[in-house]
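Structural characterization, general
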Amino acid sequence: MKTSIVRVAQKKDENELMKFLTEASVRSEGLADLIDYFLIMEDEEGEIKATIGIEPYETVGLLRSLVMKSETTAQTDLLYLLQQIFLLAKEKGLSTVYLGSNRKSTLQLFLLMGFQQVDKTELPTFLVEKEHIKNIQSVDNSFFLKYSLE
């Protein structure tokens, strides 16, 4: 059984992380400026197996770029990544993390983890103006969740 480690991304990881996100068809703009808001899960050989990041806005963060290779989709890996990103968010001084998605299959899991579903009208104004949120709102079945770190 291979072991994985989770660590905060560093500047030297930028190209590999960009490639990983691009291969998964996930947007990567702004990655260079946010590199220390990303976590990388890698195997013993240093190959990226999963990543998750936060886009910070004052004391609020927007979860983004959760990508896991198919062999890394164990719920325990997902739970561990989320726990670690919450710790990172707290270290960075964030008080609330938001998540937008249209994958209803994940909704129950996030609710069980302590997220609360919020109506898009309850999102902070500065988040609603972000391109990522606009894209999610334009998709059928989209939903928004928030998680308080306090």
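Scroll up to find the structure.
Description of the structure in this document. Source: prediction; values computed, not measured. (Residues numbered from 1 in each chain as written. Predicted model: local features only at pLDDT ≥ 70, side-chain atom pairs only at ≥ 80, totals over all residues. Heavy atoms only, no water.)

1. A few points about the environment of Glu-58
Here is the rule: Every helix listed is a DSSP run of H or I at least four residues long, and every strand listed is a run of E at least two residues long, numbered separately from the N terminus.
Examined against the element boundaries, Glu-58 turns out to sit in the loop between strand E3 (48-57) and strand E4 (60-68). A sequence separation of 20 residues divides Glu-58 from Leu-78, and the C-alpha atoms of the two residues are 26 Å apart.

2. Structural notes on the packing of aromatic side chains
Convention followed: Ring pairs shown here join Phe, Tyr and Trp side chains whose ring centres sit within 6.5 Å, with only the six-membered ring taken for Trp; geometry is labelled stacked below 30 degrees between planes, edge-to-face above 60, and tilted in between. The classification of residues rests on relative accessible area computed with a 1.4 Å probe and restricted to protein chains. Under 20% of the type maximum is buried, over 50% is exposed, and intermediate values are partly exposed. Cation placement over rings: the criterion is NZ of Lys or CZ of Arg within 6 Å of the ring centroid and within 35° of the ring normal.
Applying the stated criterion across every chain yields a total of 5 aromatic pairs. Seen from their ring centres, Phe-86 and Phe-115 are 5.8 Å apart, and the 55° between their planes marks the pair as tilted. Within this pair, whereas Phe-86 is found in helix H3 (residues 75-91), its partner Phe-115 is found in the loop between helix H4 (104-112) and strand E6 (116-118), the two being separated by 29 residues in sequence. Classification of Phe-86 by relative accessible area gives buried; the value is 8%. Measuring from centroid to centroid gives 5.2 Å for Phe-115 and Tyr-147, while their planes differ by 50°, and the two rings are tilted. Linking Phe-115 in the loop between H4 and E6 with Tyr-147 in strand E7 (residues 143-148), this pair joins segments that are 32 residues apart in sequence. Since its relative accessible area comes to 19%, Tyr-147 is described here as buried. In this structure an aromatic cluster arises from ring pairing among Phe-86, Phe-110, Phe-115 and Tyr-147. Here the guanidinium or amino end of Lys-92 rests over the ring plane of Tyr-37, the centre of that ring lying 4.7 Å away.

3. Section: the pattern of salt bridges
This is how the line gets drawn: The term salt bridge refers to a pairing of a side-chain nitrogen on Lys or Arg with a carboxyl oxygen on Asp or Glu at a separation within 4 Å.
Considering all chains together, one arrives at 11 salt bridges under this definition. For Glu-29, the salt bridge is made with Arg-27, and the minimal N-O distance between the two is 3.0 Å. By relative accessible area, which is 24% here, Arg-27 ends up partly exposed. Where salt bridges share partners, they join Arg-7, Lys-12, Asp-13 and Glu-42 into one cluster.

None of this, on its own, says anything about what the molecule does.
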